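Residues per chain are reported as follows:
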Amino acid sequence: MSAVATPRGNSSHIVAPQVRAKKRKPRRERKSVILTIALWACVVYFLVPFLWLILASTKSDTDLFSSFGLAFGKAFSLFTNLGAVFSYENGSFGLWLANSAFYSLASAFGAVVLSTLAGYAFAKYKFSGGRGIFSVILGAIMIPSAALALPTYLLFANLGITNTAWAVILPSIVNPFGMYLLRIYAAEAVDDNLIEAARIDGAGELRIFWQVSVRLLGPAIVTVFLLALVGTWNNYILPLIMLNQSSLYPITVGLAQWAASSNQGGGARVLFSTVITGSLVSIIPLVAAFLYLQRYWQSGLSAGSVKG
Amino acid sequence: MTAVPLRAKPSRAGFRAQQRRLNATAYGFIAPFLLFFVLILLVPIFYALYLSLFQNQIIGGQTFIGLANYAQAFTDPKFYEGLGRILLYLVIQVPIMLILALFFALVLDSGRLKGARFVRLAIFAPYAIPGVISTLMWGYFYGGNFGLIAQIFKGIGLPAPDLLSQQNILGSMMNISTWEFVGYNMIIIYAALRSVPTELFDSAEVDGAGQWRIAWSIKIPAVRSAILLCVIFSVIGSFQLFTEPSLLQTLAPTTIDSSYTPTFYAYNLAFNNKELDYAASIAFIIGLFTAIVSYIVQFTIQRRANRA
Amino acid sequence: MKRKSALAVGAGVVAVALLLSACSSSGGTTSSSKVSAADITKAMSKSTTLNFWTWAPGLAPEVAAFEKKYPKIKVNMVNAGQGGAEYTKLQAAIDAGKGTPDVAQLEYSELPSFTVTKSVVGLNQYGAASLKSQFTPAAWSFVSAQGETWGLPQDLGPMTFIYRNDILAKAGITDAPKTWDEFATDAAAVKAKTGSYIANFNPTESAQVLGMIQQAGGNPFSYDGKKTVSVDLQSTAVKTVSDFLTKLIQSGNVSVDPGWTDDWFQAVAKGHYAGWVVGAWGPDDLTGSAGNTSGKWTAAPMPQWSASDNVGGDWGGSSDAVIKGSSNPIAAYEFVKYLNGDSASAKEMSLNPKSLLFPTKKSVLADPAFAAQKVAFFGGQTANQTFASIAATVPAGFGYLPYMTYASNDYNDTVGKAITAKSDIYTAMAKWQADLVTYGKKQGFTVNTK
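This is a predicted model, so every value here is computed, not measured.

### Structural notes on the overall build of chain C
So, step 1. Within chain C one finds 19 helices and 13 strands.
So, step 2. A compact globule built from 450 residues would reach a C-alpha radius of gyration of about 22 Å, and chain C, at 22 Å, matches this within 12%.
So, step 3. For chain C, the spread of C-alpha atoms along the three principal axes comes to 70 × 50 × 40 Å.
So, step 4. Across the 450 residues of chain C, 60% fall into the buried class.
So, step 5. Pairs at least 24 apart in sequence give 78% of the contacts found in chain C among residues at least 6 apart.

So this is what it looks like as structure tokens:
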């Protein structure tokens, strides 16, 4: 539920872009040995879990429990593990990945459409009641999504739409933060004179929005899209509560269920190496997308500093 | 709010007609967002309020009990313990995480680091990992007998710390959140720093001010708002702590009890204890509480912005 | 949630049975009315897909055999999570009135929680009562309550003490401890001479402790099938077990780590724990993860409270129940009956190394293919024979509350905490009891305590 976009659980941050802020060029500085050593030491802390995950994915359960964490095991079982990941329970894993992708894309798309329309209107139209409505929405930015998940579940259960894809997507398309970001961005990026000129030319409001304004909002739209995408991909509590059926799970809930069945004993399969390898596989798309799209993040979030 | 200035002065009646038209357009633009906002955010909260006024019994069914659930919540030591834990968590974790993020951002921005680009990506990468997977991974490191950290301690001849004990578990959770979100906060502060105009501190440099002094008296004040917003969101993020306790519970089942955090408590009440009504009242209190905090914060920020 | 010690739905459920059949959509007019052979033939020739929720892996061959016998009936197996995870989903589906399975695996301890909400179908209308003599008495007592049958037994967990004979030998112990006192003495010897713990007592395993209480003659819970439950966690039997465990844990000769974590698996694989007091299904959890220790284990009966006793306890075990709302309850019942009651199927299920189910059917327990099997994990010991003889000593009639999910979670917060803190368990039992009473009253039950 990205009603609340926060770093933990969901994602997003208020950074109002100041579009016209002057960019600095990185300067050439004397490199500092102490700082370099200090930061690279920190890098070890940030990367060791990744290293462990990769190594652990190459081990069988037996090796996992009998070899040192940051070394290879006796046998190289990566491919066996991969086979297990994709075949266990009739290939649920692939389905979960697809579900995650579908929920995230649909939510991100919905969030962008709603936020852009509303953010643009709040920025560029002076209309009665607008200010009041805006403050009400702004206040909701900080209601934790996890706290809302349960009430939403109760409502959805009453409406009979729990255990459907809608139950996960609908709550995720309301993104007050995204709307806020777009409002701030639109106020700066879309020149009033452009709009006015288009009006004088006789263009309708919707056409002005679509043909003139949207293209100027690019970086903010990409940012909101990514924030909503990551927020939904990483969400756990909402799908956990809403979904009842394995074939609808996103990857987070699916893996957590496998992990839980390892930790339950009493006849359940011991799935440690499968869960670990599955974790590795499932983070690859997002890490790749992140590294690749990093500059968009920065341009969207950083188009400026915070105002306010 | 920026309004579209009307260049040509139309007649009074024409102005009113145009204003009405623009009003209608603006409402058309915000309508989809508003509709979902009300359905997904407001209705569930009030539905939870409604449900919390009834009691559901296994024997006896539903009866109206007024505010009895709230009377219970406000005297429920488990609820207060969870709340206290969250407060402790945010007083410790949020400052540590943000000071680290600020430090990293400043070092990256100073240009005095070798391999800065890689460092930045490495610190940011954990943000791409879903909370579920981060928690599972760190869980493997925390095991008291054979976890990775214990293995390393034993390897160098030191007694292994029990990272899952009553005293340490909260710290262990803080570590997971910090690992995950430092990079995200760093990127935001860094983005803000990049757009601080060079002229601001060039002259200071000419005057012979050291890097630390420049950071302290020029850069940090310039990105104060970015930091402030990071603070707010991290604080609110703490309120929805759920994934970490729910997944670490298998590893430390008696340390993390069913009421460890308010959100986790609400979940357990609803789904394990069949006390949906009481869970609804807890969720409503959390929602109301954070909404109030949120509005106070918005109000303060707005006033400050108006003063500036 | 682990497999809970499985015991009877103690005091029965007659009133609910009557209520249920009265308003049951599944047909019967009273619980004793029989469905005719013609009805069954008709039901089995109707195209049906049965949704079967189970976490037991490896049931595919038995399901395939059933589908072959009844080509019109398809069985769709769904793993909806083990124990608690499944019950949460099942309850949600029941509340929503859609998405319920036709058949669900339910631990014996959870059956009352679903009979109280009238969510399972009484099976006597289909003739289930006649199967009684085919199952071990303890297993049957779990599924039958006051004249109705709520499911058929699928597996059982007669409690055993399995141990690493090589580690115990190093401590000079060649025979398994006969009594709990000997167990405590041996624990000290093992700890002193080898550094290993003779066993680990998972602090959140209420089912294990309840199994020990059952062995000591206790029966702390009961439910009359209507509105009355009783809780007695301050009995002599509870005190015997609590005081023994308190002393044993405080001696530091056993560990109290959480079970089934990776740390725990590693500890087993590395001989950190030299033994385990567990249901007969326990070894199956270890064959994969502690494969390197295979062959070094011995299975023995759980130690006794007094040298002259020969009493068992049960930890775990589950039934298959027909869930209300099934579109073809007769076929659902026939499937449950085939899976667990058909001799060939039940035997196949028990012998299948993937299914991990300890049999409840007498004919399988006595079958040489099962009983005389030399188990490699136990170095060729005929361990099933040992388990089968323990199963015969498990007392019938152990009761459960209609809110065991709450009970076992609250156990973690009360008794579990005391175990971790190595404080007095009997005191914690009183706290657990108080919580169970409060909760029961809040849920509208009449709660009796002794």
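### Here we look at the overall build of chain B
So, step 1. In terms of helices and strands, chain B carries 13 helices and two strands.
So, step 2. For a compact globule of 308 residues, the expected C-alpha radius of gyration is about 19 Å, and chain B comes in at 25 Å, more than 25% above that figure.
So, step 3. Considering only C-alpha atoms, chain B reaches an extent of 75 × 65 × 30 Å along its principal axes.
So, step 4. By the burial criterion, 51% of the 308 residues in chain B qualify as buried.
So, step 5. For chain B, contacts bridging at least 24 residues in sequence account for 67% of all contacts bridging at least 6.

### What to know about the nonpolar core
So, step 1. Within the largest apolar cluster, 324 residues are counted, with the highest numbers of intra-cluster contacts made by Ile189(B) and Ile282(B).
So, step 2. Setting aside anything within four residues of it in sequence, one finds Ile189(B) in contact with Ala101(B), Leu102(B), Ala105(B), Val223(B), Ala226(B), Ile227(B) and Cys230(B).

### Things to note about the interface of chain C and chain A
Accessible area lost during the coming together of the parts is what is often quoted as the interface size.
So, step 1. Across the boundary between the two partners, chain C contributes 35 residues, which contact 25 residues of chain A.
So, step 2. Here the side of chain C that touches chain A takes five residues from helix H4 (residues 84-96) of chain C, the largest share from any one element.
So, step 3. Classifying every residue of the side of chain C that touches chain A by side-chain character gives 16 nonpolar, 13 polar and six charged.

### Thoughts on unusual backbone geometry
So, step 1. Positive phi, close to 55°, is recorded for Lys274(B), a residue that is not glycine.
So, step 2. Within the fold, Lys274(B) resides in the loop between helix H12 (262-271) and helix H13 (276-307).
So, step 3. Classification of Lys274(B) as buried rests on a count of 23 C-beta atoms within 10 Å.
So, step 4. Non-glycine residue Lys422(C) carries a positive phi angle of around 55°.
So, step 5. Among the secondary structure elements, Lys422(C) is positioned in the loop between helix H18 (404-421) and helix H19 (425-442).
So, step 6. You can call Lys422(C) partly exposed: it has 14 C-beta atoms within 10 Å.

### Structural notes on the sheet that holds strand E3 (residues 103-107) of chain C
Two strands in a sheet stick together by hydrogen bonds in their backbones, pointing the same way (parallel) or opposite ways (antiparallel).
Residues and elements named next belong to chain C.
So, step 1. With mixed pairing, five strands are arranged side by side in an open sheet as E2-E1-E3-E12-E6. Lying at the two open borders of the sheet, with one neighbouring strand each, are strand E2 (73-78) and strand E6 (152-153).
So, step 2. Sheet analysis places strand E1 (residues 48-53) next to E3, joined by two bridges and oriented parallel. When the sheet's bridge partners are listed, Trp53 is paired in E3 with Ala104.

### Describing the packing of H18(C) against H19(C)
Residues and elements named next belong to chain C.
So, step 1. Here H18 crosses H19 at 155°, and the two axes come no closer than 9 Å. Looking at the two axes, H18 sits roughly antiparallel to H19. Like other packed secondary-structure pairs, H18 and H19 cross with a definite hand, here right-handed. Each of Tyr406, Ala407, Asp410, Tyr411, Thr414, Val415, Ala418 and Ile419 in H18 lies in contact with H19, whose residues at this interface are Ile425, Ala428, Met429, Lys431, Trp432, Asp435, Leu436 and Tyr439.
So, step 2. The residue makeup of the contact of H18 with H19, split by class, is twelve nonpolar, one polar and three charged.

### Quick look at H19(C)
Residues and elements named next belong to chain C.
So, step 1. Here H19 contains 18 residues, and its C-alpha end-to-end distance of 25 Å stays within 8% of the 26 Å for a straight helix at 1.5 Å per residue.
So, step 2. Burial in H19 covers these residues: Ile425, Ala428, Met429, Trp432, Gln433, Leu436, Tyr439 and Gly440. Each buried residue of H19 sits inside an arc of 150° when the element is viewed along its axis, so together they form one side.
So, step 3. Of the surrounding elements, those touching the buried residues of H19 are strand E9 (228-231), helix H10 (236-250), H18 and strand E13 (446-449).
So, step 4. The positive-phi residue at the C-terminal boundary of H19 is Gly444, with phi of around 95°.

### Observations regarding H4(C)
So, step 1. Here H4(C) is 13 residues long and its end C-alpha atoms lie 18 Å apart, about the 18 Å a rise of 1.5 Å per residue gives.
So, step 2. Buried within H4(C) are the following residues: Gly84(C), Glu86(C), Tyr87(C), Thr88(C), Lys89(C), Leu90(C), Ala92(C) and Ala93(C).
So, step 3. Buried residues along H4(C) sit in contact with H12 of chain B together with E1, E3 and H18 of chain C.
So, step 4. Directly beyond the C-terminal end of H4(C), a positive phi value near 75° is found at Gly97(C).

### Points about the environment of Ala344(C)
So, step 1. Take Ala344(C): it is sitting in helix H14 (residues 343-351).
So, step 2. It is 9.8 Å that separates the C-alpha atoms of Ala344(C) and Ser363(C), two residues lying 19 residues apart in sequence.

### Some remarks on the environment of Ala274(C)
All names here are of chain C.
So, step 1. Secondary-structure assignment places Ala274 in the loop between helix H11 (262-269) and strand E10 (275-279).
So, step 2. What makes Ala274 buried here is the crowd of 28 C-beta atoms within 10 Å.
So, step 3. Along the backbone, Ala274 and Gly172 are 102 residues apart, and their C-alpha atoms lie at a distance of 13 Å.
So, step 4. Those residues within four positions of Ala274 in sequence are excluded, and the remaining contacts are Tyr163, Arg164, Ile167, Leu168, Val190, Ser196, Tyr197 and Ile198.

### Overview of the sheet that holds strand E8 (residues 221-223) of chain C
Residues and elements named next belong to chain C.
So, step 1. A sheet is described by the order of its strands in space; here three strands give the open sequence E8-E9-E13, paired in mixed fashion. Every other strand in the sheet has two partners, leaving E8 and E13 as the edge strands with one partner each. Neighbouring strand axes in the sheet, compared pairwise and without regard to direction, differ in orientation by 20° on average.
So, step 2. Pairing of E8 with E9 involves three bridges; the strand directions are antiparallel. Note that in E9 the partner of Phe221 across the bridge is Val231.
So, step 3. Its contacts with the sheet place H19 against E9 and E13, and it is angled at close to 155° to E13.

### Quick look at the confidence of the model for chain C
Residue and element names in this part refer to chain C.
So, step 1. Taken over all residues, the pLDDT of chain C has a mean of 88, while the share at 70 or more is 92%.
So, step 2. The secondary-structure element of chain C with the lowest mean pLDDT is helix H1 (residues 14-23), recorded at 34, while H10 shows the highest, at 98.
So, step 3. The model gives residues 1-32 a pLDDT under 50, and that stretch makes 126 contacts with residues more than four places away or in other chains.
So, step 4. Here the complex is predicted with pTM 0.87, and the ipTM for its interfaces comes to 0.86.

### Section: the pairing of E3(C)
Residues and elements named next belong to chain C.
So, step 1. Counting buried positions along E3 yields five of five residues, so the element is predominantly enclosed.
So, step 2. Judged by which residues are buried, E3 turns out to be covered on both faces: Val103, Gln105 and Glu107 on one side and Ala104 and Leu106 on the other are all buried.
So, step 3. Relative to strand E12 (residues 318-322), E3 runs antiparallel, the two sharing five bridges. By the bridge assignment, Ala104 is partnered in E12 with Ala321.

### Re the confidence of the model for chain B
So, step 1. Considering every residue of chain B, the mean pLDDT works out to 86; 94% of them sit at 70 or more.
So, step 2. Counting contacts from residues 1-8 of chain B, a segment whose pLDDT is below 50, to residues more than four positions away or on other chains yields 15 contacts.

### Overview of the packing of helix H3 (residues 77-110) of chain B against helix H10 (residues 224-239) of chain B
Residues and elements named next belong to chain B.
So, step 1. Relative to each other, H3 and H10 sit at 145°, their axes nearing to 9 Å. In the crossing of H3 with H10, the sense of the turn from one axis to the other is right-handed. On H10, the residues touching Ile86, Tyr89, Leu90, Gln93, Val94, Met97, Leu98 and Leu102 of H3 are Ile227, Cys230, Val231, Ser234, Val235, Ser238 and Phe239.
So, step 2. A per-class count over the contact of H3 with H10 returns twelve nonpolar, three polar and no charged.

### Things to note about the pairing of strand E2 (residues 61-64) of chain B
So, step 1. Where strand E1 (residues 54-57) of chain B lies against E2(B), four bridges are found, and the strand directions are antiparallel. If you follow Asn56(B) over to E2(B), its bridge partner there is Gln62(B).

### A closer look at the environment of Ser282(A)
Residue and element names in this part refer to chain A.
So, step 1. When you line up the elements, Ser282 lands in helix H13 (residues 272-302).
So, step 2. Distance in space between the C-alpha atoms of Ser282 and Ala157 is 30 Å, their sequence separation being 125 residues.
So, step 3. Excluding anything up to four places from it in sequence, Ser282 contacts Leu97, Ile251 and Leu255.

Reading the values: the criteria
- Residues numbered from 1 in each chain as written.
- Chains lettered and ligands numbered in written order.
- Predicted model: local features only at pLDDT ≥ 70, side-chain atom pairs only at ≥ 80, totals over all residues.
- Helix = DSSP H or I, 4+ residues; strand = E, 2+ residues; numbered from the N terminus.
- Rg over C-alpha atoms; globule rule 2.2 N^0.38 Å.
- Buried ≥ 20, exposed ≤ 12 C-beta atoms within 10 Å, placed from the backbone.
- Contact = placed C-beta atoms within 7 Å.
- Core = buried A, V, L, I, M, F, W, Y, C linked by C-beta atoms within 7 Å.
- Nonpolar A, V, L, I, M, F, W, Y, C, P; charged D, E, K, R; others polar.
- Pairing = 2+ DSSP bridges.
- Axes fitted to C-alpha atoms, helices over the stretch in contact; angles between N-to-C directions.
- Parallel < 35°, antiparallel > 145°, perpendicular 65-115°, else oblique.
- Left-handed = near helix turned anticlockwise from the far one by under 90°.
- Expected span 1.5 Å × (residues − 1).
- Arc of directions from axis to C-beta.
- pLDDT = per-residue confidence, 0-100.

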